[in-house]
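Summary of the model geometry
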Amino acid sequence: MFVEGERIVDVKIRIGYNHRGIEYLSQRRTIHQIPMLVERICGICSHTHPLCYCQAVEEAMGVEPPDRARYIRTIIAELERIHSHLLWAGVALHLIGYDSLFMYFWRYREPICMLFELLTGNRQSYAVNCVGGVRRDIDVPRHRDRVMRTLKEVGDGVRRLEGMLLEDPLVKARLVGVGVLTRDDARRYCVVGPTARGSGIPIDVRVCEPYAAYAEVGVDIKVFSEGDVMAKTLVRVQEVVESIEIVERALDAMPGGPLRAELPEPPVSEGIGKTEAPRGENIHYVRLNGTVVPERHKVRAPTYANIPSLVPQLLGETIADAPIVIGSIDPCLSCTDRLSVVDAETGKPLGITYEKLVHMSRKKSRRVLRSA
Amino acid sequence: MSLSPKAQPILDKLVERFGEKILWKQVRSERRAYVAIPREAIVECANYVFNELRGRLSTISAVDVGGGFELLYHFTFDEANLVLTLRCTAPKTDPAVDSITPLIPGAEFIEREIMDLFGLVFRNHPNPERLILAESLPPDFHPLRKDWGEKISRK
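Each chain has its residues counted from 1, running along the sequence as written. Naming scheme: in the order in which they are written, chains are lettered from A and ligands are numbered from 1. Where totals are concerned, whole chains, interfaces and linings use all residues; where local detail is concerned, this predicted model gives features only for residues with pLDDT of at least 70, and gives and counts side-chain atom pairs only at 80 or more. Excluded from the side-chain calculations are hydrogens and water; all other atoms, namely the structure's heavy atoms, are used.

Comments concerning the overall build of chain A
Defined as follows: Runs of E in the DSSP output that reach at least two residues are strands. Runs of H or I that reach at least four are helices, and both are numbered from the N terminus. As defined in this context, the radius of gyration uses C-alpha atoms, and a globule is described by 2.2 Å times the residue total to the power 0.38. The cut-offs for exposure are 20% and 50% of the maximum accessible area for each residue type, with area from a 1.4 Å probe on protein chains only; residues under the lower value are buried, those over the upper are exposed, and the others partly exposed. The contact criterion used is simple: two residues touch if any of their non-hydrogen atoms lie within 4.5 Å. The Shrake-Rupley method, run with a 1.4 Å probe, gives the accessible areas here. Residue values count only the displayed protein chains as cover.
Looking only at helices and strands, chain A has 16 helices and eight strands in total. For 372 residues, the compact-globule estimate of 2.2 N^0.38 gives 21 Å, and chain A sits close to it at 21 Å. Counting the 372 residues in chain A, one finds 62% classified as buried. Sequence-distant contacts, at least 24 apart, represent 73% of the contacts inside chain A between residues at least 6 apart. Element-wise, carbon and sulfur atoms account for 53% of the exposed surface of chain A, whose accessible area totals about 14,200 Å².

A word on the domain arrangement of chain A
Residues and elements named next belong to chain A. Our working rule: Where each domain begins and ends follows an automated or database-derived domain assignment. The term buried area refers to how much accessible surface (probe radius 1.4 Å) is lost by two components on association, counted for both of them together.
Once the domains are mapped, chain A shows domain 1 (2–10 + 307–371) and domain 2 (22–175 + 244–300). On a C-alpha basis, the centroid separation for the pair domain 1 and domain 2 is 31 Å. Between domain 1 and domain 2, the residue contacts involve 17 residues of the former and 15 residues of the latter. Between domain 1 and domain 2, roughly 1,300 Å² of surface is buried when both sides are summed, and carbon and sulfur atoms account for 59% of that area.

So, the interface of chain A and chain B
Defined as follows: Each salt bridge in this description consists of a side-chain nitrogen of Lys or Arg and a carboxyl oxygen of Asp or Glu lying within 4 Å of one another. Two N or O atoms form a polar contact when they lie within 3.5 Å of each other; inside protein one atom must be a possible hydrogen donor and the other a possible acceptor, and for residues adjacent in sequence the pair counts only when both atoms belong to side chains.
Taken residue by residue, the interface counts 37 residues in chain A and 46 residues in chain B. Area buried by chain A at its contact with chain B is led by Arg-187, Glu-270 and Tyr-304 of chain A, which between them contribute 17% of it. Put simply, chain A and chain B have nine salt bridges between them. The closest approach of N and O atoms between Glu-70 of chain B and Arg-287 of chain A, which form a salt bridge, is 2.8 Å. At the boundary of chain A and chain B, one finds 18 residue pairs in polar contact (both at pLDDT 80 or more). Secondary-structure elements contributing two or more residues to the side of chain A that touches chain B are α1 (22–26), α8 (183–188), β5 (268–277), β6 (280–289) and β7 (296–300) of chain A.

Considerations on the sheet that holds strand β3 (residues 56–64) of chain B
Residue and element names in this part refer to chain B. As a reminder, the rule being used: Strands are labelled as partners when DSSP assigns at least two bridges between them. Here an angle of 0 to 180 degrees is reported between the N-to-C directions of two axes, which are lines fitted to C-alpha atoms, with helices fitted over the stretch in contact.
Here we have five strands laid out as an open sheet, ordered β1-β2-β5-β4-β3, and mixed in their pairing. In the strand order of this sheet, the two ends are held by β1 (24–29) and β3, each with one partner. Across the sheet, the axes of successive neighbouring strands diverge by a mean angle of 20°, strand direction being ignored. Here strand β2 (residues 32–36) pairs with strand β5 (residues 82–91) via five bridges, running parallel. Pairing of Ala-33 across the sheet is with Leu-84, part of β5. This element, helix α3 (residues 108–118), spans β3 and β4 (68–77) of the sheet and lies at about 10° to β3.

Written as structure tokens, this is what we have:
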């Protein structure tokens, strides 16, 4: 970030050395081992990557997963979205120094993690997907009551917190009109997910290219046109409520039948898988060469598409607003470690660390509160 | 295989506009179409698909196919439920194509990543620096090339 005084005048993004060679490893594993590998791309979206990969391979093989598998995939994907969005809301509120609301949001995230443990045996990295279907069944008669009770509690809580967000003067002062991404910029930078939906672009893979059971259970897409941090926040908070309703509908409509389809011998073919991760469109491209080891496996995670759009969002804002603006695209935080603030006139780094930056952001909230 | 009624006009328009330039096309399902074009035409084609047909660039996949590299530009049409993939190849003797970043800023990262991992050059890229590999690595260090493992073990 290049600054003149407090004002950001230019931004040059370096994403840091996060390259772990997942694609390289993937091209040396069998197609049945890869779901375990891509599950570890991200701890928060640990369902969406294997799901996306499996869909790409299924498309290349011409296999349709059975109905029950599609419903189970949907339920886990939506629970994942709930816990991811609640996690984000907490982090965002922490960045602006609103720790009490941050703890409320995380208080409702915990029951969702417990549900994961109940349904899949793990709080994270659920290991549900396999090529052609799913590996674990959900025992609906046994778990239905507990799941519905938890979802109702979380739903009621989040609706109440949404009301608090909308009314709170501090939240308004820090989020409304800050870090605006215009509709045109959003299109030029090809952004996806809540970042696009906060800028008035109604794209959501669940609606545009229905996968798993979304065509049957239905999704109501949330769009706000303002493009500021508040719009992106509201998209996420309302999506939590929507996801809860999707899980409830999917649980009630769950069909019986097998969990995975018979697979043919791997053909020479290619396939594209797309899913709506909590952060936006996730896309995997798989090329098969007739053996069990893929010729090429390309992964494009949503944050990768959203990070370049930080440039127009940050220009003209102050340093103290940078954390919440960067946070508004919900990046994997390991990417922000290389942020350095540079004086535009002298070209010298100002030596502002992550802690200092967050401190400046939180201090601004206190200033806002005092002047109110 | 044929495309869905909403997606078909998009492919038709592209074929109409670039009729002679299209090497071959393939429809794999009702929402996946692949169109091969010569690499010289990629900027013109991408411009048409992005600005006239209003497709969104999802990503670019590069594949080492032995004698050269294949590039797959995946354009998503959200309303029509279509992924239109433009594909072109560049031989290893001249691994270069024109950059589409001046046209689509969203392509900046993925083009830089391919330059890092495959050693493919995107001409006229506004910021052709390394993206994910360390600056200290040698200039011919391209780990997703198929001969990379052998090269390292020979050293």
